[in-house]
Protein chains: 2
Amino acid sequence: MNGAQTLAQTLVNCDVEVCFANPGTSEMHLVGALDSNPRLRGVLCLFEGVAAGAADGYGRIAGKPAATLLHLGPGLANSLANLHNARRAATPIVNVVGDHATDHVRYDAPLTADVIGIARPVSAWVRRSRNAASVAGDAARAVQAACAAPGGVATLIVPADCAWSPAERAAERLPEIAPAVVPADAVESVARLLANGKRSAILMRGPALIGDALEAAGRVQAKTGARLLCDTFAPHTQLGAGRVVVERLPYFAEQIVALLSGVEQLVLVGAEAPVSFFAYPGKPGYCAPEGCEIVYLAHADEDGAKATIDLADALGAPDKPSTRASLELPGLPTGALDVSAVVRTIAHLTPDDAIVVDEGLTASQALQAALARARPHDHLPLTGGAIGGGLPMTVGAAVAAPGRKVVCAQADGSGAYTMQALWTMARERLDATVVVFANRSYAILNIEAKRVGTSLGVKGRALLDLHDPELNWTRIAAGLGVEASRATTAEEFADQYQSAMNGRGPRLIEAMI
Amino acid sequence: MNGAQTLAQTLVNCDVEVCFANPGTSEMHLVGALDSNPRLRGVLCLFEGVAAGAADGYGRIAGKPAATLLHLGPGLANSLANLHNARRAATPIVNVVGDHATDHVRYDAPLTADVIGIARPVSAWVRRSRNAASVAGDAARAVQAACAAPGGVATLIVPADCAWSPAERAAERLPEIAPAVVPADAVESVARLLANGKRSAILMRGPALIGDALEAAGRVQAKTGARLLCDTFAPHTQLGAGRVVVERLPYFAEQIVALLSGVEQLVLVGAEAPVSFFAYPGKPGYCAPEGCEIVYLAHADEDGAKATIDLADALGAPDKPSTRASLELPGLPTGALDVSAVVRTIAHLTPDDAIVVDEGLTASQALQAALARARPHDHLPLTGGAIGGGLPMTVGAAVAAPGRKVVCAQADGSGAYTMQALWTMARERLDATVVVFANRSYAILNIEAKRVGTSLGVKGRALLDLHDPELNWTRIAAGLGVEASRATTAEEFADQYQSAMNGRGPRLIEAMI
């Protein structure tokens, strides 16, 4: 075996099944190792930002890491924005970066760069292998580090000689680093707080929003009347009919302030006290009501899911939540196509158990409202504000869940950052439907410019406009191998979306809103 | 005035005329300042990697910096790979990055990142403005730092409050930091060396390859018989009929070794001793002949152009070079279209004084050979090995030289990294012709895999293949607003290329090789 082969086999031993790859010369032995290991699936991406975003989407749905395979410092650099999103989502990712052979670094050849320096701002863990014999152990540690609560990007840098030189054997999986358990007295103290008669809300993020923990949150609500909230960009939520209803914090600060008005105590589960996404001149960044008591039930790296279940038990809450979302599908719209018509159609027609990747930006609030009482689904938003996450996450979610329909609600300006993801959807025959909200502008910036107090003239407004030339998503998708169509009326959109839901494989619908 | 307006006016005072921009909310006041300053041209890019690569192409041709405008840490991250290329090219760039308002950073809102940490690996200079009053002085210093020899990326981070708060006035241009002059005795010592009768070569990079300095190199050759060489990835060279002929080091180590065989002394002007681009198992990375004496005439941050002229004078060289490239246009090929037919057609038809951006990869060597005796032109290659530089550099070169035809020789796999650049070519009506070498593969990696000693099976080879689905550049270009056509025979290619040379404005030809 060589170092590369021990790396591949170690990843398999650690239950890593997929590698989103964009390799180069220094990774050829790693490609060879992928080639010879039948249990590791290599998924080629045309750009490293796609690989990183795909690993993010995969990790959020699979609950375990995918690997990446990137080409030296510049390849890593291209992945950084979507690794930033993954960092904010606390997604486990084993980020494998090839590098020059150890002896070659001294020559400062053109591709030489400060790989560790580039990795650090997005990585929870960084290591460069020292020799071929250490690669397997490093890989096992990388998986362990990626999975340590709350999850993160573990970057393993593999010099080419560490990949090509002989190595003895693969490593076995290291023990899981379990999240810290919230002590019983801390849980009981929150239980007493929630029984004190004040107006309470519980703000959640992370595993507390999934499965049994979400059910437990509903039980707590049934017992105490506390409002259930989640972070604006909670990385993974389960929504729709039958699920416990959680109010999502809106995007703009004043909307958050309005939503939280009257809340006297705010319990945090894996979340932080709400703040404004951006700063605005003369406006506060902190959004909790003045005087509202902030209490942590669980920090992000503690076991918030167990703490929520323990809280329900400590309160003597009923076995089941008292309220759940009912199924209330909006009627199919007709006539002109606008954001409202698109999101109502999506809500009406999306099947059970779909995954909705949401980079709708100005369309997201309407989409979330329409989907709240639609069929049950999983929701993956952009978490770190680095636009260009939607299409790549769609790739990763579809690879993680081959039996489920993945719907991507994609703003057009943001989608342009990583349009190359469409090619991988076609290549892997992923069952993904991309809806492009084609308003031909950075619409959010027209809103934000007013909010920060800038009035733009012709030249400034032109810098936010995508009409000249028109970004034609139907042609772009066709150029990247994805079947695409354009909808200009509500009826056309419904026809095309219904057809996409009935079929399998990648589709793109350009909704002319 | 606010801080943003003082920044814009300071850039204008420092002779910065263009800003390649992809702004967000935190940069709205900077957009407003662009808007109100008629002497600063904002060029919108759909992806930050395009903005950075455009600034690189602009700086190489204009010989002065453009500004960028990027959105916080993730926007900077997206620009990093092409800033790596710019760092390797020593291109002056004023890299302006917006950030959260100073008081907002404490909240760790989703877009918060270690902006300085992300900037450092590619930047010669990094500063974060402390308040609105300091922005103008910081901007003047950024221009000075970007232009200090040999040139580099100066990253100025502007928190949103520093942009929107009141500021007094713009700053004037700071004095140029001139490159260190090589002392006369050092020049004379090299002159003596070249007169000692040994077989000598002069390896150049940077300003020594341009204009009068190139002429002086030709005079040195006329006097001493020394061979003139340039680095494989010399950032900017002037080639073609009438120019002093400089041999370019080839890409692969063994080719460099063969080319340098017999050289007993190697004089370096702004270059380093040649090394292999990648490491290969059991092969040396250092490529100069054993025992060859290495002498620096000028380091990269010294004035290599003046040193070369001084050397010619110290030698008492003739006033003019004795040999120049003659005009020898290859015949127009007919029949099947292959790399040879494409490059011969380009050499035959490209007009005087064109700029050739070269990211042809496996086609580059043939292209350079064909162009060596074509009409005079400027040549800009990929310098740092971070693929995806070609299309963005084409944008920047065309903005810098509106009266000249820009031809981009673009490998298809590499072009896919930054295809969004086509949109800016259309938007700005740039006179650029992109020739895509459509071989539907990462062809270079099929060669490299053999060279590093890996034999790939079906799965591994598939990771280097772009046939499934076919990357259709004609459709992609149309989707991004650029007129495009496909050529499958030499005659079709010649027709389409001739038409592109006769016309103005952006064109893409997909050469099916």
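Residue numbering note: each chain is counted from 1, following its sequence as written. Labels follow written order: the first chain is A, the first ligand is 1, and so on. Two thresholds apply to this predicted model, a pLDDT of at least 70 for residue-level local features and 80 or more for giving and counting side-chain atom pairs, whereas whole-chain, interface and lining totals are computed over all residues.

1. Observations concerning the overall build of chain A
Helix and strand definitions here come from DSSP, where helices need a minimum of 4 consecutive H or I residues and strands a minimum of 2 consecutive E residues; each element is numbered from the N-terminal end. Looking only at helices and strands, chain A features 20 helices and 18 strands. Relative to the 2.2 N^0.38 estimate, which gives 24 Å for 513 residues, the radius of gyration of chain A is 23 Å and therefore close to what a compact globule would have. Its C-alpha atoms give chain A principal-axis dimensions of about 65 × 60 × 45 Å. For chain A, the proportion of its 513 residues judged to be buried stands at 65%. The contact criterion used is a C-beta to C-beta distance within 7 Å, with each C-beta placed from the backbone. Nonlocal contacts in chain A, meaning residues at least 24 apart in sequence, comprise 81% of its contacts between residues at least 6 apart. The quantity called the radius of gyration is restricted to C-alpha atoms. Its globule counterpart is 2.2 Å times the number of residues to the power 0.38. To assign burial, the other C-beta atoms lying within 10 Å of each residue's own C-beta are counted, with C-beta atoms placed from the backbone; 20 or more indicates buried, 12 or fewer indicates exposed, and intermediate counts indicate partly exposed.

2. Quick word on helix H4 (residues 72-89) of chain B
Residues and elements named next belong to chain B. An expected span of 1.5 Å times one less than the residue number is assigned to each helix. Helix length check: H4 (18 residues) gives 24 Å between terminal C-alpha atoms against 26 Å at 1.5 Å per residue, within 8%. To obtain the bend at a residue, axes are fitted to the seven residues ending there and to the seven starting there, and the angle between these axes is taken. A maximum bend of about 50 degrees is found in H4 at leucine 80. Counting buried positions along H4 gives 18 out of 18 residues, so the element sits mostly inside the fold. At the C-terminal side of H4, alanine 90 shows a positive phi close to 55 degrees.

3. Some remarks on helix H10 (residues 253-260) of chain A
All names here are of chain A. Of the residues making up H10, those classed as buried are Ala253, Ile256 and Leu260. Along the axis of H10, the buried residues cluster in a sector spanning 60 degrees; they form a single face. Downstream of H10 by a residue or two, glycine 262 has a phi angle that is positive, lying close to 90 degrees. What the arc covers is the set of directions going from the helix axis to the C-beta atoms.

4. As for the relation of the copies chain A and chain B
Superposing copies: least-squares fit, C-alpha atoms only, residues required to have pLDDT of at least 70 in both. With an RMSD of 0.0 Å, chain A superimposes on chain B once it is rotated by 180 degrees and translated 0.0 Å along the axis. A rotation of that kind, with that shift, is consistent with a two-fold axis. No C-alpha of chain A approaches the rotation axis more nearly than that of isoleucine 476 of chain A, which lies at 2.3 Å.

5. With respect to the domain arrangement of chain A
All names here are of chain A. In terms of domain boundaries, chain A breaks down into domain 1 (3-164), domain 2 (184-314) and domain 3 (339-512). The gap between the C-alpha centroids of domain 1 and domain 2 is 35 Å. Contact residues are listed per partner, giving six residues for domain 1 and six residues for domain 2. Residues were grouped as follows: Ala, Val, Leu, Ile, Met, Phe, Trp, Tyr, Cys and Pro as nonpolar; Asp, Glu, Lys and Arg as charged; and all remaining residues, including Gly, as polar. For the side of domain 1 that touches domain 2, a count of residues per class yields four nonpolar, one polar and one charged. An automatic or database domain assignment supplies the residue ranges for each domain.

6. Side note on the interface of chain A and chain B
In this complex, chain A contributes 81 residues to the contact, which on the side of chain B involves 81 residues. Ranked by residues supplied to the side of chain A that touches chain B, first place goes to helix H4 (residues 72-89) of chain A with eight residues. Of the residues contributing to the side of chain A that touches chain B, the split by class is 44 nonpolar, 25 polar and twelve charged.

7. Regarding the sheet that holds strand S12 (residues 293-298) of chain A
Residues and elements named next belong to chain A. Strand pairing is assigned whenever DSSP detects at least two bridges linking the two strands. In spatial order, the strands read S10-S8-S7-S11-S12; together these five strands make up an open sheet with parallel pairing. Sheet topology places strand S10 (247-248) and S12 at the edges, where each strand pairs with a single neighbour. On the sheet, helix H11 (residues 304-314) packs against strand S11 (265-269) and S12 and is oriented at approximately 105 degrees with respect to S12. The convention used is that axes are lines fitted to C-alpha atoms, helices contributing only their stretch in contact, and that angles between N-to-C directions extend from 0 to 180 degrees.

8. Things to note about the packing of helix H3 (residues 48-62) of chain A against H4 of chain A
All names here are of chain A. Interaxial distance between H3 and H4 falls to 6 Å at its minimum, and their mutual angle equals 25 degrees. Comparing the axis directions of H3 and H4 gives the class roughly parallel. Both H3 and H4 take part in a crossing whose hand is right-handed. Of the residues in H4, those in contact with Glu48, Gly49, Ala51, Ala52, Gly53, Ala55, Asp56 and Arg60 of H3 are Gly75, Asn78, Ser79, Ala81, Asn82, Leu83, Asn85, Ala86 and Ala89. Grouping the constituent residues of the contact of H3 with H4 by class yields seven nonpolar, seven polar and three charged. Here roughly perpendicular refers to angles of 65 to 115 degrees, roughly parallel to angles under 35, roughly antiparallel to angles over 145, and oblique to all remaining angles. Two helices that cross are described as forming a left-handed crossing if the nearer one is turned anticlockwise from the farther one by less than a right angle, and a right-handed crossing if clockwise.

9. Here we look at the packing of helix H1 (residues 3-13) of chain B against helix H6 (residues 132-147) of chain B
Residue and element names in this part refer to chain B. Remark: H1 packs on H6, axes separated minimally by 8 Å, with the N-to-C direction vectors making an angle of 15 degrees. The angle between H1 and H6 falls in the class roughly parallel. The way H1 lies across H6 gives a crossing that is right-handed. Counted together, Gly3, Thr6, Leu7, Thr10 and Leu11 of H1 and Ala132, Val135, Ala136, Ala139 and Ala140 of H6 form the full contact between these two elements.

10. Focus on the environment of glycine 331 of chain B
Residues and elements named next belong to chain B. By secondary structure assignment, the location of glycine 331 is in the loop between helix H11 (304-314) and helix H12 (339-349). For glycine 331, a count of 8 C-beta atoms within 10 Å puts it in the exposed group. With 65 residues separating them along the chain, glycine 331 and leucine 266 place their C-alpha atoms 37 Å apart.

11. Here we look at the sheet that holds strand S5 (residues 125-128) of chain A
All names here are of chain A. Across the sheet, which stays open at both edges, the six strands sit in the order S2-S1-S3-S4-S6-S5 with parallel pairing between neighbours. Each edge of the open sheet is held by one strand with a lone partner, namely strand S2 (41-44) and S5. On average, adjacent strands in this sheet sit at an angle of 20 degrees to one another, irrespective of strand direction. Along the sheet face, H4 touches strand S3 (66-71), strand S4 (93-99) and strand S6 (153-159) and points at about 145 degrees away from the line of S3.

12. Remarks on the environment of tyrosine 296 of chain A
Residues and elements named next belong to chain A. Following the sequence through the fold, tyrosine 296 ends up in strand S12. With 20 C-beta atoms packed within 10 Å, tyrosine 296 lands in the buried category. Linking tyrosine 296 and glycine 457, residues 161 residues apart in sequence, is a C-alpha distance of 47 Å.

13. Topic: the pairing of S3 of chain A
On any regular strand, side chains alternate: one points to one face of the sheet, the next to the other face. All names here are of chain A. Along S3, six of the six residues are buried, which leaves the element largely enclosed by surrounding structure. The alternating pattern of S3 places Ala66, Thr68 and Leu70 and Ala67, Leu69 and His71 on opposite faces, both of which are buried. With three bridges joining them, strand S1 (residues 18-21) and S3 adopt parallel strand pairing. Residue alanine 21 lies in a different strand from S3, and its bridge partner there is leucine 69. Note that S3 and S4 share six bridges and pair parallel. Bridging from a neighbouring strand, histidine 71 pairs with glycine 98 of S4. When the strands point away from the viewer, a crossover counts as right-handed if the path from the first strand over the helix to the second runs clockwise. Regarding topology, H4 serves as the crossover connection from S3 to the parallel S4, and that connection is right-handed.

14. Describing unusual backbone geometry
Residues and elements named next belong to chain A. Note the cis peptide between alanine 149 and proline 150, where omega equals 0 degrees. Positionally, proline 150 belongs in the loop between helix H6 (132-147) and S6. Its identity is not glycine, yet arginine 429 carries a phi of approximately 50 degrees, on the positive side. Relative to the elements of secondary structure, arginine 429 occurs in the loop between helix H16 (421-427) and strand S16 (432-438).

15. Some details on the environment of alanine 66 of chain A
All names here are of chain A. Note on placement: alanine 66 falls in strand S3. Each C-alpha atom of the pair alanine 66 and glycine 24 lies 19 Å from the other, and the pair is 42 residues apart in sequence. In this structure alanine 66 touches Val16, Val18, Cys19, Phe20, Ala55, Tyr58, Gly59, Ile93 and Gly396, once residues within four positions along its chain are discounted.

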